Every structure is written in structure tokens, then in C-alpha cells.
Amino acid sequence: ESVLKALQNGATLDDVATARRILKEDLVDRQLANTASDYLGADVNKVAERFMTKKPHMAEQRANQLETLLAKDVDGHAAAGFRAALWRALRHNSRRFDADGKVVPGIDTPKLVKLIDDYRPYLEKFYDKNSMEFLDELVKGGPLQRTGTSVPGEALPTREVMGANFATIETVGALGRTT
């Protein structure tokens, strides 16, 4: 019924397929979050947020506890749900604000770099090498998310930006435009 209505309103079959894929991905994300919450005994998003707001030296003990709890899920769904929640926490703690303190779309790259660097040993307990490399690639393209603005070289994080590949730049651009 909703497909027919969408088609009548000008949507194409590709639009419908894309909408279904997005809805399916959202459902899977919620299922993984629920699984992680069950294993952790608390809302996974709150656990990840608390983890990312602890002092880095205090995060080690909590990382070990979380790793032990998540390891009980032999299928890995709980760990996947926690990794997704960690990304949401990283993104939330790296939000950009305008002069009035209002949240604006995008990621504050220097904040994200600092979080990743400060928590790297603990993030590596949950993210594999490829995922950590992806996070590093993301911050390389971070300054490019502000389309149409000049970004002075001195304001860039200590990571090299020119090494970012096209996919990374596009990913950061897309992530930077969503909150």
C-alpha cells in the first residue's frame, strides 16, 4: 500500500528499493543495539556515551569489563551493536556548534581526532585494525566537509589531509551533512 502511494506520488522503483534498504538497515541496527543492551544490562547508547566521557586513564578498566560482557555473545551481534553505539558516541561528542551554541551539521574534526587519540587503546578493544584505519581516514577528510568555505592549513588536525582518498572524502562529506 505505501509502495503504491509512493509510486503515485512520483517515486521510482529505485526510490522504493532504496527506502526499503534504509529501513532494513535501520531495523538491523536496532536489533544489534537491543542485543548489545541485553548483554550489557543497560541501554547500549548510554553505556557507550558514559564510556566516551570517562577520563581516558579510567576507561581501561571499563573497556575490560565491557569486553568481557560482550564476549559472552558468541555470534558477535552484541559487539557489533556496541561498536555502532561507540560510533554514535564519538559523533555526538564531536558535534559542531555555531556562535550561539546551537548544534550545526557536521563533525568538529579536532574534537574527533582528540577523542580517537585519547581513547585509541580502548577503542582498539572493540574495533579491528581496518575499522581503526577507517576512523583515521575519516578524520583526514574532516576539514573538507565544510563545502564552500576556506579551511586554513594551520587549523587542520595533525593528520595529513591530502592522503584521503575519494571514498573517504565522500563518506566524510555525507557524514558531515547528517547529525
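Residues numbered from 1 in each chain as written. Predicted model: local features only at pLDDT ≥ 70, side-chain atom pairs only at ≥ 80, totals over all residues. Heavy atoms only, no water.

K.L.:
Before we move on, can you summarise the side chain of Ser-37 with the specific residues and values?
P.N.:
Here Ser-37 shows up in helix α2 (residues 13-40). With a relative accessible area of 15%, Ser-37 lands in the buried category. If we ignore the near neighbours within four places in the chain, the residues touching Ser-37 are Ala-42, Asp-43 and Val-44. (Helix = DSSP H or I, 4+ residues; strand = E, 2+ residues; numbered from the N terminus. Buried < 20%, exposed > 50% of the residue type's maximum accessible area, 1.4 Å probe, protein only. Contact = heavy atoms within 4.5 Å.)

K.L.:
Quick one: what's the story with the pattern of salt bridges, residue by residue and with numbers?
P.N.:
Applying the stated criterion across every chain, the model contains seven salt bridges. Among the ionic pairs, Lys-125 bridges to Glu-67, the shortest N-O distance being 3.6 Å. A residue pair is termed long-range when its members are at least 10 positions apart, and Lys-125 in the loop between α6 (109-123) and α7 (129-141) and Glu-67 in helix α4 (residues 56-71) qualify at 58 residues. The closest approach of N and O atoms between Glu-137 and Lys-140, which form a salt bridge, is 3.0 Å. (Salt bridge = Lys/Arg side-chain N within 4 Å of Asp/Glu carboxyl O.)

K.L.:
Give a description of α7 that names residues and reports values.
P.N.:
Its 13 residues place the ends of α7 19 Å apart at the C-alpha level, agreeing with the 18 Å of an ideal helix rising 1.5 Å per residue. Its side-chain oxygen 3.3 Å from the backbone nitrogen of Asn-130, Asp-128 forms the N-cap of α7. (Expected span 1.5 Å × (residues − 1). Polar contact = N/O pair within 3.5 Å; in protein donor to acceptor, adjacent residues only side chain to side chain.)

K.L.:
Quick one: what's the story with the packing of aromatic side chains, residue by residue and with numbers?
P.N.:
Within the structure shown, the criterion is met by four aromatic pairs. Considering the side-chain rings of Phe-51 and Phe-82, the 6.5 Å spacing of their centres and the 70° angle between planes classify their relative orientation as edge-to-face. In this pair, Phe-51 is assigned in helix α3 (residues 44-53) and Phe-82 in helix α5 (residues 77-92), connecting sequence segments 31 residues apart. Exposure remark for Phe-82: the relative accessible area of 0% places this residue in the buried category. Grouped by ring-pair contacts, the aromatic residues Phe-51, Phe-82, Tyr-119 and Phe-126 constitute a single cluster. (Phe/Tyr/Trp six-rings, centres within 6.5 Å; stacked < 30°, edge-to-face > 60°.)

None of the figures reported here should be taken as evidence of function without further support.
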